[in-house]
Amino acid sequence: MAKSMTGYGKAEAILENGKITIEIRSLNGKSADINLKTSLIPKDKEMGLRKKIADSLTRGTIDVFITWEPNAAENAKQINAGLVKDYFAQMKDLAGELGLALGSNASGEILSTLMKMPDVIDVKKQDIVTEENWPIVDAAFDRALEAINAFRETEGAILTADVTSKVEKILACSKEIEKYEKARTEAVREKILARFEELSLKPDTDRLEQEMIYYLEKLDINEERVRLRQHCAYYLDTLAGEEFPGKKLGFIAQEMGREINTTGSKANHQEIQKLVTSMKDELEKIKEQSLNIL
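In this text the structure is predicted, and so the values were computed from the model without any measurement.

## Details of the overall build of the protein
Looking only at helices and strands, one finds nine helices and six strands in the protein. By residue count, 35% of the 294 residues in the protein fall in the buried class. Counted over contacts in the protein with a minimum sequence separation of 6, partners at least 24 positions apart contribute 80%.

## So, the pairing of strand S3 (residues 32–37)
As defined by bridge partners, S3 adjoins strand S4 (residues 60–70) across six bridges and the pair is classed as parallel. For Asn 35, the partnering residue across the bridge sits in S4 and is Asp 63.

## Remarks on the nonpolar core
The biggest cluster of nonpolar side chains holds 26 residues, and the ones touching the most others in it are Ile 170, Tyr 235, Met 256 and Met 279. For this core, the elements supplying multiple residues, two or more each, are helix H4 (134–176), helix H7 (222–241), helix H8 (246–267) and helix H9 (270–290). By size, the runner-up hydrophobic cluster in this structure holds 25 residues, among which are Ile 34, Leu 36, Val 129 and Leu 145.

## So, helix H1 (residues 43–57)
Since the α-helix packs 3.6 residues into each turn, any two residues three or four apart lie on the same face. Under the 1.5 Å per step criterion, the end-to-end length of H1 is 22 Å for 15 residues, consistent within 8% with the ideal 21 Å. Buried residues along H1 sit in contact with strand S2 (18–27), S3, S4 and H4. A positive phi of about 70° marks Thr 58, the residue just after H1.

## Quick look at the side chain of Asp 63
Its place among the elements puts Asp 63 in strand S4. For the buried Asp 63, no salt bridge is present, and the opposite-charge side chain at shortest range is Lys 37, 4.2 Å distant. Side-chain polar atoms of Asp 63 contact the side chain of Asn 35, separated by 2.8 Å. Filtering out sequence-adjacent residues up to four positions away, Asp 63 remains in contact with Glu 23, Ile 24, Arg 25, Asn 35 and Lys 37.

## What about the packing of H7 against H8?
At their nearest, the axes of H7 and H8 sit 9 Å apart, and the two run at 160° to each other. Here H8 runs roughly antiparallel to H7, going by the angle between their axes. Where H7 crosses over H8, the two elements pack in a sense that is left-handed. Residue-level inspection shows Glu 224, Arg 227, Leu 228, His 231, Cys 232, Tyr 234, Tyr 235, Thr 238 and Leu 239 of H7 in contact with H8, the latter providing Lys 248, Leu 249, Ile 252, Glu 255, Met 256, Glu 259, Ile 260, Thr 262, Thr 263 and Lys 266. Along the lines of polarity and charge, the residues of the contact of H7 with H8 split into nine nonpolar, four polar and six charged.

## A word on the pattern of salt bridges
Across all of its chains, the model carries 22 salt bridges by this definition. Between Glu 46 and Lys 43 there is a salt bridge, and its shortest N-O distance comes to 3.9 Å. One end of the pair is Glu 46 and the other is Lys 43, both in helix H1 and three residues apart, which spans about a single turn. For Glu 46, a relative accessible area of 21% corresponds to the partly exposed category. Among the ionic pairs, Arg 258 bridges to Glu 255, the shortest N-O distance being 2.6 Å. Of the two residues, Arg 258 and Glu 255 both sit in helix H8, three residues apart, roughly one turn of that helix.

## What about the sheet that holds strand S1 (residues 7–15)?
An order of S1-S2-S4-S3 is seen for the four strands of this open sheet, with the pairing classed as mixed. Either end of the sheet is taken by a strand with one partner, and the two such strands are S1 and S3. Taken over all neighbouring pairs, the strand axes of this sheet differ in orientation by 15° on average, direction set aside. Against the sheet, H1 engages S2, S3 and S4, with an angle of about 135° to S3. Sitting on the sheet, H4 touches S1, S2 and S4, and the angle it makes with S1 is about 160°.

## Observations regarding the packing of H1 against H4
Contact pair H1 / H4: the axes reach a minimum separation of 10 Å and the direction vectors enclose 20°. With respect to H4, the axis of H1 lies roughly parallel. As for how H1 packs across H4, the hand of that crossing is right-handed. Residue-level contacts link Lys 45, Leu 49, Lys 52, Ile 53, Ser 56 and Leu 57 of H1 to Trp 134, Asp 138, Phe 141, Asp 142, Leu 145, Ile 148, Asn 149 and Arg 152 of H4. Split by residue class, the contact of H1 with H4 holds seven nonpolar, two polar and five charged.

## Here's the deal with the layout of surface pockets
The calculated volume of the largest pocket comes to roughly 300 Å³. Only H8 and H9 provide two or more residues apiece to the lining of the largest pocket. Among the elements that line the lining of the largest pocket, the one with the most residues is H8, at five residues. Across the lining of the largest pocket, the residue classes break down as four nonpolar, six polar and five charged.

## As for the environment of Leu 49
Secondary-structure assignment places Leu 49 in helix H1. With 13 residues separating them in the primary sequence, Leu 49 and Leu 36 have C-alpha atoms 9.6 Å apart. Discounting chain neighbours no more than four positions away, the residues touching Leu 49 are Leu 36, Ile 41 and Phe 141.

Rules used in this analysis
- Residues numbered from 1 in each chain as written.
- Predicted model: local features only at pLDDT ≥ 70, side-chain atom pairs only at ≥ 80, totals over all residues.
- Heavy atoms only, no water.
- Helix = DSSP H or I, 4+ residues; strand = E, 2+ residues; numbered from the N terminus.
- Buried < 20%, exposed > 50% of the residue type's maximum accessible area, 1.4 Å probe, protein only.
- Contact = heavy atoms within 4.5 Å.
- Pairing = 2+ DSSP bridges.
- Core = buried A, V, L, I, M, F, W, Y, C linked by side-chain atoms within 4.5 Å.
- Expected span 1.5 Å × (residues − 1).
- Lys, Arg positive; Asp, Glu negative; His and termini not counted.
- Salt bridge = Lys/Arg side-chain N within 4 Å of Asp/Glu carboxyl O.
- Polar contact = N/O pair within 3.5 Å; in protein donor to acceptor, adjacent residues only side chain to side chain.
- Axes fitted to C-alpha atoms, helices over the stretch in contact; angles between N-to-C directions.
- Parallel < 35°, antiparallel > 145°, perpendicular 65-115°, else oblique.
- Left-handed = near helix turned anticlockwise from the far one by under 90°.
- Nonpolar A, V, L, I, M, F, W, Y, C, P; charged D, E, K, R; others polar.
- 1 Å grid on protein atoms, 1.4 Å probe; cavity = no way out; pocket = protein on both sides within 12 Å on 5 of 7 lines; lining within 4 Å.
- Points joined across faces, edges and corners; volume = space filled by probe spheres on them.

And the structure:
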């Protein structure tokens, strides 16, 4: 079954000091364009991770987001006690030089002031993803990729049903053209004869019939309709039978368009032109949807 290039997958990795959330989102693209929107992945793991993602998702514009949620204890802020003591010593020296007394009743204000000094309060710094916990993170990536592939399969089924219905509408329009073929031929014949009458010409009957046959053959659209049916069948077979049909479907749709356009240029009939317009409309939708098929 064809897959969509649009997808979303999410997984979590529980580490000793917190939780990592991995989100992978993809849109249509000509190749695997992978954007790791994170600084948490160690550089020595990045190349292998990119290969894993490309092998799993094949094509698309792929964005990978990783967020970190530390445990409460790990997120606790630390007071740099040594720096506080140094600041206090400097305050005492300055107070002595200025002849000021640092009484006990001002201790609360002094401490509050010290706590606002630069670098007194630090957040604990640590390596989040390490060699030891990488297998846990890597397994979470596998789960996120499984999730996005499942999403792509679901979207692919919807896409398949949609483009299939549109191809069937094109085939139905092409079939409907048949009922106008006789009237169209007669109209062309009458138009030619009427022109001769306007010019008061009496051409040779046999020669006129030969020229009429030649002209009508030039306007014949049966071959275009036969080729269009073949292209439609090829499109549906490719959609159902190939694992990654997206690129090929685009080429087949171009061939379908060529036959529809030629049919329109030869039509010379109002109702057939309406059907051709409907086929063009469905084909444009097919082309747009084909861009999102993997």
